[in-house]
Amino acid sequence: MIELAIRGGLVVTPDGERHADIAISGGNISAIGDVGSALREIDARGRLVLPGCVDLHTHLASTPTFAPLDDFEHGTRAAIAGGVTTVVSMVYQEDGSLRRGIERGLREAERSLADYAFHVVVTDPSDAARAEVSGLVREGHAGLKVFMVSPRFVERRDDYRLLLQAAARAGAVVAIHAEDHAIVAARTAELHASGRTGVEHFPASRPVEAEVKAVVEAIDLAAATEAAMYLVHLSSRPALDALREGKRRGVRVFGETRPLYLYLTRAQFARPDAALWVGQPPLREPDDVDAVWVALAEGTLDTVGTDHIPHTRAAKLAPGLAFDKIPPGVSNLETLLPMLYSEGVNKGRLTLTRLVEVLASAPARIAGIYPRKGALAVGSDADVVVFDPDARRLIHAADLHSACDYDPYEGWEVTGWPNVVLSRGEVVSGRGDIEAKPGRGRFVPRSATKW
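Computed from a predicted structure; not experimentally measured.

Draft legend 1. Representation of the overall build of the chain within the structure. Helix and strand content of the chain: 14 helices and 17 strands. In terms of overall size, the chain behaves like a compact globule, its C-alpha atoms giving a radius of gyration of 21 Å where 451 residues would be expected to give roughly 22 Å. Considered along the principal axes of its C-alpha atoms, the chain spans approximately 70 × 50 × 40 Å. For the chain, buried positions account for 62% of its 451 residues. When contacts within the chain are restricted to residue pairs at least 6 apart in sequence, those whose partners lie at least 24 apart make up 76%. With the model as given, the accessible surface of the chain reaches about 16400 Å², and the carbon-plus-sulfur share is 49%. Taken as two groups, the 51 positive and 60 negative side-chain charges of the chain have centres that lie 2 Å from each other.

Structure below.
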């Protein structure tokens, strides 16, 4: 007997879209089509049936000096409410050791409601750290992260090149924050020297030039070292042009944008509460927003990741903060899927199939967890979103599940919202109610990337 059947929805599978039933047994998808009787059923008529989203860029783990507002428990409550069933969180190298950072992440993720994996941020690319990479990949930790905007990257560029070579040999994907340190530092110093420290000057401190220079350098490094590179939160037309050219050259480089760059522009920085939208890189011009949509639709950009790291209104708007002292980051996990559906599919910018690719299939492939995650296919984990394309919601932070007390899209009207969310066949969210308990999430081992 089938344990659970999802009946009559428009199912988006790797083979396309069709009306079909989905059978679930033992936490996996056991059949797709006209399936038989089941112990339980979910009526999906008039709904879309999508794979659970995979967010390849979150910050839910703490560091020795920082505790996130949304930890694994709070952050994954928001995730599953929005249809994100797998999160990949950054964890930070500790005391020179990559493994210690992962161990911290594993301890904290014991409270996770969603399944999870990691990128480990490398702040000290020492011989010892590089020697850890191959063993960690064998244990399912096939992701690293490098901040090119850090002064340490400049000081130790040769060591980071050796790190990329180690990653290439082991099969680890390297996520890259691509902004040029020298340009950002120089612009910031100029603004401070002239007394222009207000938040309205934040975009000028991190110009498009800084992003483009770093993206070009990163792609050249990927070509030279043969590392698989994942360029995160790309925001500008020239940076996307550089990514497009890198792909044309055959470099193994993937591109991510995040919601901020799809929906908002630099105009937010004319507001008195502009600090609420500070993120790195800054919001750009309307032309850049148009370019991001085009790159997402055509495949130059591979994914949309949230870079979820919210801070309270009080922290963002604290009096006297210079633009470079405002904590960067916003909440995005719960609204990732519904907003991309509303602004993308519903407005004709993306096809439904492309939505599934950028939010589920592509991030799962890049992470090395496909087709266990990211697809509605026989044998895959039964991570399923029954999505109501006609539901209308006004976004209000008070109605959402992040611990943050504001939302960057407060007051936006959205068409389309998850109705029921399943993780490994278990209903974890239904009609806005969280049914999952902390600790039900499982670690998902990442394989060496082959994509």
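Draft legend 2. Here's a closer look at the sheet that holds strand β6 (residues 53–58). Taken together, the 8 strands give an open sheet; going across it, the order is β6-β7-β8-β9-β10-β11-β12-β13, and neighbouring strands pair in parallel fashion. Looking along the sheet, the strands with just one partner apiece sit at the ends: β6 and β13 (303–304). Summarising the sheet, strand β11 (residues 228–231) and strand β12 (residues 253–257) pair through 3 bridges and their orientation is parallel. Directly across from M229, in β12, lies its bridge partner V253.

Draft legend 3. The arrangement of the pairing of β6 in detail. Counting buried residues along β6, 6 of its 6 residues qualify, which places the element largely inside the surrounding structure. Bridge count between β6 and strand β7 (residues 84–92): 4 bridges; the pairing is parallel. Each residue of the ladder has a partner; that of T58, found in β7, is S89. Handedness of the β-α-β unit built from β6, helix α1 (residues 72–81) and β7 comes out right-handed.

Draft legend 4. Seen up close, the side chain of R258. Along the chain, the position of R258 falls in the loop between β12 and α10 (260–263). With relative accessibility at 1%, the residue R258 sits in the buried group. Within the structure, R258 has its side chain in polar contact with the backbone oxygen of Q280 (distance 3.3 Å). The residues touching R258, leaving out its near neighbours within four places in the chain, are H233, G279, Q280, P281, V304, G305, T306 and D307.

Draft legend 5. Quick peek at the packing of aromatic side chains. Applying the stated criterion across every chain yields a total of 12 aromatic pairs. Judged by centre distance (6.4 Å) and plane angle (85 degrees), the rings of F72 and F118 are edge-to-face. Of this pair, F72 sits in helix α1 while F118 sits in strand β8 (residues 115–121), and the two are 46 residues apart along the sequence. On the basis of relative accessible area, F72 is assigned to the buried category, the value being 1%. Accessibility expressed as a relative area gives 1% for F118, which makes it buried. On the basis of an interplanar angle of 45 degrees and a centroid distance of 6.3 Å, the ring pair of Y116 and F443 is categorised as tilted. Here the residue Y116 occupies a position in strand β8, and F443 occupies one in the segment after β17 (433–434), the gap between them amounting to 327 residues. Residue Y116 is classed as buried on the basis of its relative accessible area, which comes to 7%. Taking relative accessible area as the criterion, F443 reaches 21% and is therefore assigned partly exposed. Put simply, the rings of F72, Y116, F118 and F443 pair up and form one aromatic cluster.

Draft legend 6. Seen up close, the pattern of salt bridges. The full count for this structure, using the stated rule, is 36 salt bridges. Salt-bridge contacts for D21 lead to R7; the nearest nitrogen and oxygen are separated by 3.1 Å. On the criterion of sequence distance, the pair formed by D21 in strand β2 (residues 16–25) and R7 in strand β1 (residues 2–13) is long-range, its members being 14 residues apart. By the burial criterion, D21 is buried, and R7 matches it. Note that R244 is salt-bridged to D241, the shortest N-O span being 2.8 Å. Separated by 3 residues within a single helix, R244 and D241 lie in helix α9 (residues 237–248), roughly one turn from each other. You can call R244 partly exposed: its relative accessible area is 31%. Members of the salt-bridge network, linked through shared partners, are D115, R372, K373, D381, D383 and R424.

Draft legend 7. Layout of the nonpolar core. Counting 112 residues, the largest nonpolar core has L50, L144, L231 and L340 as the members making the most contacts within it. What L340 contacts, discounting residues up to four positions off in sequence, is L262, Y263, W293, L296, V304, T335, V345, L350, L355, V358 and L359. Ranked by size, the runner-up nonpolar core spans 18 residues in total, among them V11, I42, A44 and V420.

Draft legend 8. Expanded view of the environment of S112. Secondary-structure assignment places S112 in the loop between α2 (98–108) and β8. Each C-alpha atom, one on S112 and one on L336, is 19 Å from the other, the two residues being 224 residues apart in sequence. Contacts of S112, omitting those with residues within four sequence positions, involve F72, T76, K437, P438, G439, R440 and G441. Only 2.6 Å separates the side chain of S112 from the backbone oxygen of A114, close enough to count as a polar contact.

Draft legend 9. Structural view of the pairing of strand β16 (residues 426–430). Burial within β16 is extensive, with 4 of its 5 residues counted as buried. Taken together, the 4 bridges between strand β15 (residues 413–423) and β16 define a ladder with antiparallel strand orientation. Bridge pairing links L422 to V427 in β16. The turn joining β15 and β16, which pair antiparallel and follow one another in sequence, is formed by 2 residues; a positive phi near 50 degrees is taken by R424. Relative to β17, β16 is paired through 2 bridges, and the arrangement is antiparallel. Among the inter-strand pairings, G430 is bridged to a residue of β17, identified as D433.

Calculation criteria
- Within every chain, residues take consecutive numbers counted from 1 along the sequence as written.
- A pLDDT threshold of at least 70 governs which residues receive local features in this predicted model, and a stricter bar of 80 or more applies before side-chain atom pairs are shown or counted, although totals over entire chains, interfaces and linings include all residues.
- Only hydrogens and water are removed before side-chain values are computed, so all heavy atoms of the structure are retained for them.
- Put simply, DSSP marks the helices as runs of H or I at least four residues long and the strands as runs of E at least two long, and each gets a number from the N terminus on.
- Computation of the radius of gyration draws on C-alpha atoms alone. For the globule rule, the value is 2.2 Å times the number of residues to the power 0.38.
- Accessible area is worked out with a 1.4 Å probe on protein chains only. A residue is then buried under 20% of its type maximum, exposed over 50%, and partly exposed in between.
- Residue contacts are counted whenever heavy atoms from the two residues lie within 4.5 Å of one another.
- To measure how exposed things are, a 1.4 Å probe is used in the Shrake-Rupley method; for residues, cover is taken only from the protein chains shown.
- The convention is simple: Lys and Arg are positive, Asp and Glu are negative, and His and the chain ends are not counted.
- In this description, the location of a charge corresponds to atom NZ of lysine, CZ of arginine, CG of aspartate or CD of glutamate.
- Should DSSP find at least two bridges between two strands, the strands are regarded as paired.
- Handedness of a crossover: with both strands directed away from the viewer, a clockwise path from the first strand across the helix to the second marks it as right-handed.
- For the purposes of these results, a polar contact is taken to be a pair of N or O atoms within 3.5 Å, where, inside protein, one atom must be able to donate a hydrogen and its partner to accept one; residues adjacent in sequence count only when each atom of the pair is a side-chain atom.
- The rule is short: rings of Phe, Tyr and Trp, with Trp giving its six-membered ring, pair when the centres are within 6.5 Å, and they are stacked under 30 degrees, edge-to-face over 60, tilted in between.
- A pair is scored as a salt bridge if a Lys or Arg side-chain nitrogen falls within 4 Å of a carboxyl oxygen belonging to Asp or Glu.
- We call a set of buried Ala, Val, Leu, Ile, Met, Phe, Trp, Tyr and Cys residues a nonpolar core when their side-chain atoms join them within 4.5 Å.

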